[in-house]
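Structural overview for review
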Amino acid sequence: MGKHFHLFYVLFCFFLMADAFFTCQKNVLLAKSTSAQIEGIFAATRGNLVQEEQEALLQQWLEEGAGSSSVSESAPVVGNVSATSTSAWLEGSELLMSSLSDLNSAPEVAWCASQQLTELCALTSSEPQDHAVTKLEKLPAEETVAVVGSAPWAALVPQADHQIAGCATISVEGLNEDPAVLAWSLAGGTEMVPTEPPAWPAQDAVQFCPLPEEVPYHEILWRDWEDLSVQPCELELGSKKNPLFEFRVMSYNILAQDLVEQGHGLYLHCHPDILSWDYRLPNILQEIQHWDPDVLCLQEVQENHYREQLEPTFMKMGFACFYKRRTGRKTDGCAVCYKQSRFQLITVSPIEYFRPGLDVLNRDNVGLVLLLQPLLPEGLDLKAVSPLCVANTHVLFNPRRGDIKLAQMALLLAEIDKIAKTAEGQYYPVILCGDLNSVPDSPLYKFIRNGELSYQGMPAWKVSGQEDLSQQLHSRKLLSPLWPSSLGVTDNCQYVTVCQPKKQGRRKYSRDFLLQFHFCDVACERPPELVFLEGVTDAKPDPPPYWPKHAAPVNDPDLQMLIPRSAGIIQHGLNLTSVYSHFLPQRGRPEVTTMPMGLGATVDYIFYSAEPVMNGNRGGRRLYRDGVLKLLGRLSLLSEDVLLLANGLPNPFCSSDHLCLLASFGLEISSLREG
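Basis of the calculations
- Residues numbered from 1 in each chain as written.
- Predicted model: local features only at pLDDT ≥ 70, side-chain atom pairs only at ≥ 80, totals over all residues.
- Heavy atoms only, no water.
- Helix = DSSP H or I, 4+ residues; strand = E, 2+ residues; numbered from the N terminus.
- Buried < 20%, exposed > 50% of the residue type's maximum accessible area, 1.4 Å probe, protein only.
- Contact = heavy atoms within 4.5 Å.
- Areas by Shrake-Rupley, 256 points an atom, 1.4 Å probe, with all protein chains shown as cover.
- Pairing = 2+ DSSP bridges.
- Axes fitted to C-alpha atoms, helices over the stretch in contact; angles between N-to-C directions.
- Polar contact = N/O pair within 3.5 Å; in protein donor to acceptor, adjacent residues only side chain to side chain.
- Salt bridge = Lys/Arg side-chain N within 4 Å of Asp/Glu carboxyl O.
- Core = buried A, V, L, I, M, F, W, Y, C linked by side-chain atoms within 4.5 Å.
- Parallel < 35°, antiparallel > 145°, perpendicular 65-115°, else oblique.
- Left-handed = near helix turned anticlockwise from the far one by under 90°.
- Nonpolar A, V, L, I, M, F, W, Y, C, P; charged D, E, K, R; others polar.
- Phe/Tyr/Trp six-rings, centres within 6.5 Å; stacked < 30°, edge-to-face > 60°.
- Lys NZ or Arg CZ within 6 Å of the ring centre and 35° of its normal.
- Expected span 1.5 Å × (residues − 1).
- pLDDT = per-residue confidence, 0-100.
- Disulfide = S-S within 2.5 Å.

**Thoughts on the overall build of the protein chain**
Within the protein chain, the secondary structure is distributed over 17 helices and 24 strands. Across the 675 residues that make up the protein chain, the buried fraction comes to 47%. Considering only contacts in the protein chain between residues 6 or more positions apart, those separated by 24 or more positions represent 76%. With the model as given, the accessible surface of the protein chain reaches about 34100 Å², and the carbon-plus-sulfur share is 55%.

This is how it looks when you write it as structure tokens:
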């Protein structure tokens, strides 16, 4: 009698617990499925469910599930479900296999179910029922689903009230039901713009699920390629005649691991595992390898990682690499790599912005400038292509020290002027990449793009536009000269040539030529340090009627040294414009290259040489058109609301706190007879 009662008790416990788990399964699957998927679920379970139970479950889903959440067949929404790795439920394996395409074959599921049955029988036969329930309550709150042969992370799955467990694998098709994944896949149809972006940072509502290795990075973090090679306004007869040497340039701040560990508070929204270098390195290399640039400009490259991992890998990919570590005790720096099959090095020039004794240049940032000769394919022996100057830098971050940012940029532009200037005084095409820590339309941005900036009296925080510190009572203001003449850089961002010793009777400029500057703007402005004497130093000369109102800038470095540096104006003559427009018209939102503390901003740029349009000035912005160097295409950027769907930056898809920038260019190939 006791044995029969014990057997009956075990069977009763088994069916009771199986029914509870099976009900939980159905609720979860109904919450994750669309109306079209529901029919497939019931069709696959007709052998296990009677008709009345099918109708009851369908009615329950229509009244509760469909009424409480807005689900469309085109974009299924994942309910509040957390995927776990405990072997708690696989009863009704046919239901799971028919409703989720991410399960493996039936034998594996059957093995999991049999293993679960064995564990359940052992549990009910050896312990009282109340203790069994206690053990179930002690199951871990959240775990990750194991994926066969997968290391990377993939999708973001919200946690829920009911913990669901399983020992089946998940495939790409199942993960694509996640709204975070759907938000990145913009190529399939209209873009998904959330009405209310999630709060920042995510609090206890996010966990990460593994991603199969066969899913490439670019299919999840989807960014469109914009073809700019054919535009009606730029079709010119001259551009049609000559073929182009096409190449791709990538600029990427890859986030040095030492900076991650030093500023861990900036990445509280990230799962700790995705911040490790062992996880981030394969993702970064996969991204670079996928886009396959010919020239690669990297910032925040940690020196030991560069020497031990990045440089050997890039060399195997066909790159020649150059690296410059930041000065002082900094462990990261900038790197420029180029495909040896596409370019040949002419010269390389590393730049250190730190200058002892100068407060305006007392930081450890660096830059690199290379002059490369494109290599034409065989059969173009009688053709020629211009050398290309490539510059890469990472400007100081501190938003309050705009004076340092301007001085660092002036040094970089002076180095570019020296490397890229031809014997005739012209410039080879220039591509300037980097993290400039300045937003679009800031004074620093306008200086690079428009070639001129009047900075006298400007608050230092305003230079980069990163923060609005106008409420501060005492803020640093920029005064002229911004840097001392001992630096050897003029206000035109050119190095001062070494003057020869003066010879008796030697005169480089005639007296009449120098008299032209009697009534220039600088000469007519009273120096602020001049002692005021009424009737003597308060007089301002009036220029004669024939004197032009706006004289052309003086480009001769030697002549500039003769002009007082009290105007507070800096200039350069490189004619640079940005690859990106910094706005996404199809989404009505600004572009974003980074997201510090959940706030999107653009601080990374690719500038390139172009020809200014005569009398072309729109709203203070100089207008350009393509010259010898033509912009053929670019990889689109993303908006802040889209990045919030993936939990900001870094995330499981992008292993840096910056997005990479990628552009395709074409250099005109001319005949040797033409010049």
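**Considering the sheet that holds strand 11 (residues 366–374)**
Sheet architecture is open: six strands sit in the order 10-11-13-14-20-17, paired in mixed fashion. For this open sheet the edge positions go to strand 10 (343–352) and strand 17 (576–578), each flanked by a neighbour on one side alone. Each neighbouring strand pair of the sheet contributes to a mean axis angle of 20°, computed without reference to strand direction. Judged from the five bridges that link them, strand 14 (residues 430–435) and strand 20 (residues 604–609) form a sheet pairing that is antiparallel. Following the sheet pairing, Leu432 is matched in strand 20 by Phe607. Strand contacts of helix 13 (residues 402–420): strand 10, strand 11, strand 13 (388–394) and strand 14, with the helix running at about 165° to strand 13, the strand carrying the most contacts.

**A look at the side chain of Asn253**
Turning to its location among the elements, Asn253 is positioned in strand 6 (residues 244–253). Here the side chain of Asn253 touches Glu300 through a polar contact of 3.3 Å, side chain to side chain. The residues touching Asn253, leaving out its near neighbours within four places in the chain, are Gln299, Glu300, His394, Asp435, Asp604, Ser656 and His658.

**What to know about the pattern of salt bridges**
On inspection of all chains with the given rule, the structure shows 17 salt bridges. Here Asp294 and Arg342 are joined by a salt bridge, their closest N and O atoms 3.3 Å apart. Of this pair, Asp294 sits in the loop between helix 11 (277–291) and strand 7 (295–302) while Arg342 sits in the loop between strand 9 (332–339) and strand 10, and the two are 48 residues apart along the sequence. You can call Arg342 partly exposed: its relative accessible area is 21%. Between Asp332 and Arg326 there is a salt bridge, and its shortest N-O distance comes to 2.8 Å. Its relative accessible area of 2% is what places Asp332 among the buried residues. Taking relative accessible area as the criterion, Arg326 reaches 17% and is therefore assigned buried. Through salt bridges with shared partners, a single ionic network connects Asp359, Arg401, Asp403 and Arg476.

**Focus on the nonpolar core**
Counting 63 residues, the largest nonpolar core has Phe247, Leu298, Phe314, Ile431 and Phe665 as its most contacted members. Residues Leu406, Trp483, Leu487 and Ile570 belong to the second largest nonpolar core, which totals 44 residues.

**Remarks on the pairing of strand 11**
Judged by how many residues are buried, strand 11 sits mostly within the fold: eight of nine residues are covered. With nine bridges connecting them, strand 10 and strand 11 associate as antiparallel partners. From the neighbouring strand, Glu352 faces strand 11, where its bridge partner is Val366. When strand 11 meets strand 13, the two strands line up antiparallel, connected through six bridges. Looking at the pairing, Leu372 lines up with Leu388 of strand 13.

**Points about the packing of helix 13 against helix 14 (residues 443–450)**
It is at 11 Å that the axes of helix 13 and helix 14 come closest, and there the two elements cross at 20°. In this view, helix 13 runs roughly parallel relative to helix 14, as classed from their interaxial angle. For the crossing formed where helix 13 meets helix 14, the hand is right-handed. From helix 13, Lys405, Leu406, Met409 and Leu413 reach across to helix 14, where they touch Leu444, Phe447 and Ile448. Here the contact of helix 13 with helix 14 is composed, by residue class, of six nonpolar, no polar and one charged.

**Regarding unusual backbone geometry**
Ser480 connects to Pro481 through a cis peptide bond whose omega is -5°. Among the structural elements, Pro481 can be located in the loop between strand 15 (452–454) and helix 15 (511–514). Geometrically, the link from Leu649 to Pro650 is a cis peptide bond, its omega value of -5° lying close to zero. With respect to the helices and strands, the residue Pro650 is situated in the loop between helix 17 (640–645) and strand 24 (661–671). Positive phi is not limited to glycine here, since Asp292 has a value of about 50°. Relative to the assigned elements, Asp292 resides in the loop between helix 11 and strand 7.

**Here's the deal with the packing of aromatic side chains**
Tallying each qualifying case throughout the model produces 11 aromatic pairs. Geometrically, the ring pair formed by Phe314 and Phe319 is edge-to-face, given 5.9 Å between the ring centres and 70° between the ring planes. Here Phe314 and Phe319 have matching classes, each one buried. Seen in terms of ring centroids, Tyr445 and Phe607 are 5.7 Å apart; in terms of plane orientation they differ by 50°. Their pairing is tilted. In this pair, Tyr445 is assigned in helix 14 and Phe607 in strand 20, connecting sequence segments 162 residues apart. The class for Phe607 is buried, based on a relative accessible area of 0%. Feature note: the residues Phe245, Phe247, Phe343, Tyr608 and Phe665 constitute an aromatic cluster, connected by ring pairs. Sitting above the plane of the Trp225 ring, Arg248 keeps its charged end 4.5 Å from the centroid.

**With respect to the side chain of Ser656**
On the secondary structure map, Ser656 appears in the loop between helix 17 and strand 24. Taking the relative accessible area as the measure of exposure, Ser656 reaches 0% and is therefore buried. Here the side chain of Ser656 touches Asp657 through a polar contact of 3.5 Å, side chain to side chain. Ignoring any residue separated from it by four or fewer positions in sequence, one finds Ser656 in contact with Tyr252, Asn253, Ile254, Leu255, Arg280, Leu649 and Pro650.

**Focus on helix 11**
A rise of 1.5 Å per residue sets the reference length of helix 11, with its 15 residues, at 21 Å; its end C-alpha atoms lie 21 Å apart and thus fit the reference within 8%. For helix 11, the full list of buried residues reads Trp277, Tyr279, Arg280, Leu281, Asn283, Ile284, Leu285, Glu287, Ile288 and Trp291.

**Focus: the confidence of the model for the protein chain**
On average, residues of the protein chain score 73 in pLDDT, and 56% of them are at 70 or above. A low-confidence stretch, residues 22–50 stays under pLDDT 50, and its non-local contacts, those more than four residues away or across chains, total 63 contacts. Throughout residues 498–502 the model reports pLDDT below 50, and contacts reaching past four residues in sequence, or to other chains, amount to one contact.

**A word on the environment of Thr313**
Counting through the fold element by element, Thr313 comes out in helix 12 (residues 303–316). What makes Thr313 partly exposed here is its relative accessible area of 28%. Along the backbone, Thr313 and Leu285 are 28 residues apart, and their C-alpha atoms lie at a distance of 8.6 Å.

**Quick look at the state of the cysteines**
One pass over the full model with this rule turns up zero disulfides. Unpaired in this structure, Cys321 has its nearest cysteine sulfur neighbour in Cys337, at a distance of 3.3 Å.

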